[in-house]
2 protein chains.
Amino acid sequence: MTATTAPSVDMGLSVEKMEKVAFILKTTAHPTRIAIVQLLAANDSLSVSDISERLNVEQSLLSHHLTGMKLKGILSSTRDGKNIYYALKMREVIDVIQCLAACTFL
Amino acid sequence: MTATTAPSVDMGLSVEKMEKVAFILKTTAHPTRIAIVQLLAANDSLSVSDISERLNVEQSLLSHHLTGMKLKGILSSTRDGKNIYYALKMREVIDVIQCLAACTFL
DNA sequence: CAAACTTATGAACATTTGTTCATGCATACA
DNA sequence: TGTATGCATGAACAAATGTTCATAAGTTTG
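Residue indices begin from 1 for each chain and proceed along its sequence in written order. Chain A is the first chain written and ligand 1 is the first ligand written, with later ones labelled in order. With the structure being a predicted model, the display of local features is reserved for residues of pLDDT at least 70 and the display and counting of side-chain atom pairs for 80 or more, all residues being used for whole-chain, interface and lining totals. Computation of side-chain values: all heavy atoms of the structure, hydrogens and water removed.

### Structural notes on the protein's contact with DNA strand C
The test is simple: Throughout, near means a residue has at least one heavy atom within 4 Å of the molecule or strand. Whenever two N or O atoms come within 3.5 Å, that pair is a polar contact, provided that in protein one can donate a hydrogen and the other can accept it, and provided that, for residues adjacent in sequence, both atoms are side-chain atoms. Gly falls in the polar group here, along with every residue not listed as nonpolar (Ala, Val, Leu, Ile, Met, Phe, Trp, Tyr, Cys, Pro) or charged (Asp, Glu, Lys, Arg).
Lining the immediate environment of DNA strand C, one finds 20 residues, of which Ser-49, Ser-60, His-64 and Tyr-86 of chain A together with Ser-60 of chain B sit closest. Within 4 Å of the protein, atoms of DNA strand C come from sugar and phosphate in 64% of cases. Note that a phosphate oxygen of DNA strand C is positioned 3.4 Å from one of the backbone N or O atoms of Ile-84 of chain A. Between His-65 of chain B and DNA strand C, the recorded distance is 3.1 Å, taken from a side-chain N or O atom to a phosphate oxygen. Its residues assigned to classes, the surface near DNA strand C comprises 4 nonpolar, 12 polar and 4 charged.

Next up, the structure:
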């Protein structure tokens with residue numbers, strides 16, 4: 001046991017993994033964004049106004065959340081006519097959710 | 001917020017679970033606190049100065065992190081002489097970490 | 001083209017979170 | 001006692017995050 005740059009304490013989850021998961025959960029750890037992820041996990045792709053109506057979140061605020069999540073690589077978007085459709089891009093988001101869903105204890 | 005009290009989209013992880021996990025990860029999603037959790041997952045109980053030395057974090061700042069985590073129910077502390085020993089309290093923290101560690105994809 | 005619709009954007013502001021510094025408080029020990 | 005050690009605390013500040021509002025920009029349709 002040399003002291004310093006230990007890559008991971010022997011607990012199964014490396015610092016790297018932990019930080020990746022933390023990033024994902026941290027950037028989605030907000031009621032609105034959680035709901036967005038839920039919707040997009042169940043719906044594959046939705047327009048902004050779809051989401052806005054379903055979640056009852058005002059357009060501008062929602063847009064900020066969406067573009068933020070897109071910037072961080074979690075969502076993707078494509079235009080179709082005057083609508084813009086968002087979808088889950090980062091596969092790990094679903095992975096993490098499924099992984100956690102499989103844990104029965106919570 | 002009337003219409004959207006849907007308990008969980010059918011994706012396995014309820015909003016409630018998701019928010020609990022998010023809470024855990026969000027409150028630990030910080031380099032120093034991640035390291036703290038790692039240490040305490042591997043060591044059962046450590047004094048503040050132990051942690052301070054190992055992580056090379058200044059006393060006061062560390063103390064703020066520790067008391068914050070304690071306030072949120074994640075850590076516990078007991079005094080022994082002039083030292084105060086911190087330990088992981090919230091079992092779910094370890095659970096979540098182990099759960100994520102079991103997921104191979106990341 | 002103009003009007004209507006959908007989404008993005010940016011500025012101002014509010015709130016939360018992280019950091020530092022100085023100081024206080026408790027315990028041990030000479 | 002009083003002095004040193006270990007930790008907490010609170011104020012001041014910094015930075016990140018969330019929210020609102022007004023407005024712009026891209027698309028369709030009449």
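Still more ground to cover, so stick around.
### What to know about the packing of helix α2 (residues 31-43) of chain A against helix α3 (residues 48-55) of chain A
Residues and elements named next belong to chain A. To be explicit about the condition: Interaxial angles span 0 to 180 degrees and are taken between N-to-C directions of axes, which are lines fitted to C-alpha atoms, for helices over the stretch in contact. Helical segments are the DSSP runs of H or I of at least four residues, strand segments are the runs of E of at least two, and each set is numbered from the N terminus. With respect to orientation, any angle under 35 degrees is reported as roughly parallel, any angle over 145 as roughly antiparallel, any angle of 65 to 115 as roughly perpendicular, and every other angle as oblique. Handedness of a helix crossing follows the sense of rotation of the near helix relative to the far helix, less than a right angle counterclockwise being left-handed and clockwise being right-handed. Contact definition: two residues touch when any of their heavy atoms are within 4.5 Å.
With their axes 11 Å apart at the nearest point, α2 and α3 run at an angle of 120 degrees to one another. When the axes of α2 and α3 are compared, the pair comes out oblique. With respect to the hand of their crossing, α2 and α3 are arranged in right-handed fashion. Each of Thr-32, Ala-35, Ile-36, Leu-39 and Asn-43 in α2 lies in contact with α3, whose residues at this interface are Ile-51, Arg-54 and Leu-55. Looking at the contact of α2 with α3 residue by residue, the class counts come to 5 nonpolar, 2 polar and 1 charged.

### Overview of the sheet that holds strand β2 (residues 75-80) of chain A
All names here are of chain A. Heads up, the condition is: Pairing between strands requires that DSSP locate at least two bridges from one strand to the other.
Pairing within the open sheet is antiparallel, and its 3 strands lie in the order β1-β3-β2. Whereas interior strands pair on both sides, the edge strands pair on one side only; in this sheet they are β1 (46-47) and β2. Alignment of β2 against strand β3 (residues 83-88), held across 6 bridges, turns out to be antiparallel. Residue pairing in the sheet places Thr-78 in a bridge with Tyr-85 of β3. Each of β2 and β3 is contacted by helix α4 (residues 59-71), which is oriented at about 120 degrees to β2, the strand it contacts most.

All we've got here are geometric facts, nothing functional implied.
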